[in-house]
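Remarks on the overall topology
The lines below spell out each chain.
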Amino acid sequence: MIASGLSKSKFNLLLFYSRRIKRLFPALFLVIIACFAFSWFALYSKEFASLGNHIFAAVGFFLNFVLWQESGYFDTQSMLKPLLHLWSLSVEIQFYIFWPLILLLTYQFKFNVFKVTMIVFCISLLLNLLFLEKDAIGAFYLSFNRFWEFQIGAMCALFSREYPSRSEERRVG
């Protein structure tokens, strides 16, 4: 969608971000409210206080960084972190923040989009592999170590845009 809009000079970054917000925020707030209500009765005061930090980080889309910093030998059990699953949403939003900007620059400077996508993929995968040896938890939680996964989807989208399937060609033609 981004590449298609950029190639036609019709991509609107604010509209792109507003669509992400409209898609993600209602479900996010429902989950946060439900977890807060349940946790009020189910968690001890220390874990409930931690939930407040997790809510703030989840709404700010940096929960993955908070969870990375909390991890360790004396960390609270994961079953006492009802918003633990939202780390991946933070990574997704961080990708949505950086990837459109990278594509905007790619089109502005007339670089090859597929090559830039491959470069980002390779750098992210390499960082992930390097982190696995030094900080496996960082390799798991940190967004730039996970962008390579999104880049696979980006490469598939770009490839299908460049080389539509025969069934699409028949529908169009």
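First, a word on scope: everything that follows refers to the structure included in this document. Here the residue numbering is sequential within each chain, running from 1 through the sequence in written order. Owing to the predicted nature of the model, reporting of local features is limited to residues with pLDDT of at least 70; listing and counting of side-chain atom pairs is limited to 80 or more, with chain, interface and lining totals taken over all residues. Excluding hydrogens and water, the side-chain figures rest on all heavy atoms present in the structure.

The next subject is the overall build of the protein chain. Comment: elements are numbered from the N terminus, with helices defined as DSSP H or I runs of at least four residues and strands as E runs of at least two. Along its length, the protein chain carries nine helices and zero strands. Oriented by its inertia axes, the alpha-carbon framework of the protein chain measures out at about 65 × 40 × 30 Å. Accessibility here uses a 1.4 Å probe with only protein chains present; expressed as a share of the type maximum, an area under 20% marks a residue as buried, one over 50% as exposed, and anything in between as partly exposed. Here the protein chain holds 173 residues, and 34% of them are scored as buried. Summarising the internal contacts of the protein chain: among those between residues at least 6 apart in sequence, 64% fall at separations of at least 24. Of the roughly 11,300 Å² of accessible surface on the protein chain, a fraction of 69% belongs to carbon and sulfur atoms. Residue contacts are counted whenever heavy atoms from the two residues lie within 4.5 Å of one another. Shrake-Rupley sampling with a 1.4 Å probe provides the accessible areas, and residues are treated as covered by the protein chains on show and by no other component.

For this analysis, a nonpolar core means a set of buried residues of the types Ala, Val, Leu, Ile, Met, Phe, Trp, Tyr and Cys, connected via side-chain atoms within 4.5 Å. In this structure, L28, I32, L63, L83, L86 and L89 are the most contacted members of the largest nonpolar core, which totals 19 residues. Counting residues per element, the ones that place at least two in this core are α2 (13–42), α3 (45–59), α4 (63–70) and α5 (87–108). Residue contacts for L89: discarding those within four places in its chain leaves L24, L28 and F61. A3, F11, F95 and L158 belong to the second-largest nonpolar core, a separate cluster that totals 14 residues.

What follows concerns a nonpolar patch on the surface. Each patch groups residues whose relative accessible area exceeds 30% and which form no salt bridge, using 9 Å between like charges and 5 Å between nonpolar side chains of Val, Leu, Ile, Met, Phe, Trp and Tyr. Here, a salt bridge means any side-chain nitrogen of Lys or Arg that lies within 4 Å of a carboxyl oxygen of Asp or Glu. On the surface, F29, I33 and V59 cluster together to form a nonpolar patch covering roughly 260 Å² of accessible area. Here V59 lies in helix α3. Its relative accessible area of 32% is what places V59 among the partly exposed residues.

On to the packing of aromatic side chains, then. What counts as a ring pair is set by centres within 6.5 Å for rings of Phe, Tyr and Trp (its six-membered ring), and what kind of pair is set by the plane angle: stacked under 30 degrees, edge-to-face over 60, tilted for all other angles. Tallied over the full model, the rule gives 19 aromatic pairs. Aromatic side chains F140 and Y141 sit 5.0 Å apart centroid to centroid with 85° between the ring planes, which places their arrangement in the edge-to-face category. Given a relative accessible area of 37%, F140 falls into the partly exposed group. Charges are assigned to positions over rings by a cutoff of 6 Å between ring centre and Lys NZ or Arg CZ, combined with an angular limit of 35 degrees from the ring normal. For the cation-ring pair, R20 lies above F16, with the distance from its terminal atom to the ring centre recorded as 4.4 Å. When the ring centre of Y96 is taken as reference, the NZ or CZ atom of R20 above it lies at 5.2 Å.

The next point concerns the packing of α5 against helix α6 (residues 113–134). Two elements in contact, α5 and α6, have axes separated by 10 Å at closest approach and are oriented at 140°. On the basis of the axis angle, α5 is oblique to α6. The element α5 and its partner α6 pack so that their crossing is right-handed. Across from W99, I102, L103, T106 and Y107 in α5, the residues of α6 making contact are V113, V116, T117 and V120. Residue type decides the class: Asp, Glu, Lys and Arg count as charged, Ala, Val, Leu, Ile, Met, Phe, Trp, Tyr, Cys and Pro as nonpolar, and the leftover types, Gly among them, as polar. Here the contact of α5 with α6 is composed, by residue class, of seven nonpolar, two polar and no charged. To obtain an axis, a line is fitted to C-alpha atoms, over the contacting stretch when the element is a helix, and the angle between two such axes runs from 0 to 180 degrees between their N-to-C directions. In these notes the angle categories are as follows: under 35 degrees is roughly parallel, over 145 is roughly antiparallel, 65 to 115 is roughly perpendicular, and the rest is oblique. Helix crossings get a hand from a simple test, with the near helix turned counterclockwise from the far one by less than a right angle marking a left-handed crossing and a clockwise turn marking a right-handed one.

To continue, consider the pattern of salt bridges. Oppositely charged side chains may form a pair once their charged atoms are brought near each other. All chains considered together, the criterion is met by three salt bridges. Measuring nitrogen to oxygen at the nearest pair gives 3.1 Å for the salt bridge that ties R23 to E92. Placement of R23 in helix α2 and of E92 in helix α5 is noted, with a sequence separation of 69 residues between them. By relative accessible area, R23 is classed as partly exposed at 45%. Note that R146 is salt-bridged to E149, the shortest N-O span being 2.7 Å.

With that out of the way, let us pick up helix α8 (residues 147–162). The end-to-end C-alpha distance of α8 is 22 Å, a good match for the 22 Å that 16 residues give at a rise of 1.5 Å each. Those residues of α8 that sit buried are F147, Q151, A154, M155 and L158. The arc that holds every buried residue of α8, seen down its axis, measures 105°, which confines them to one face. Buried positions along α8 lie against α1 (2–7), α5 and α6. Expected span, for any helix, means 1.5 Å times one less than how many residues it has. Here, the arc refers to the directions that run from the helix axis to the C-beta atoms.

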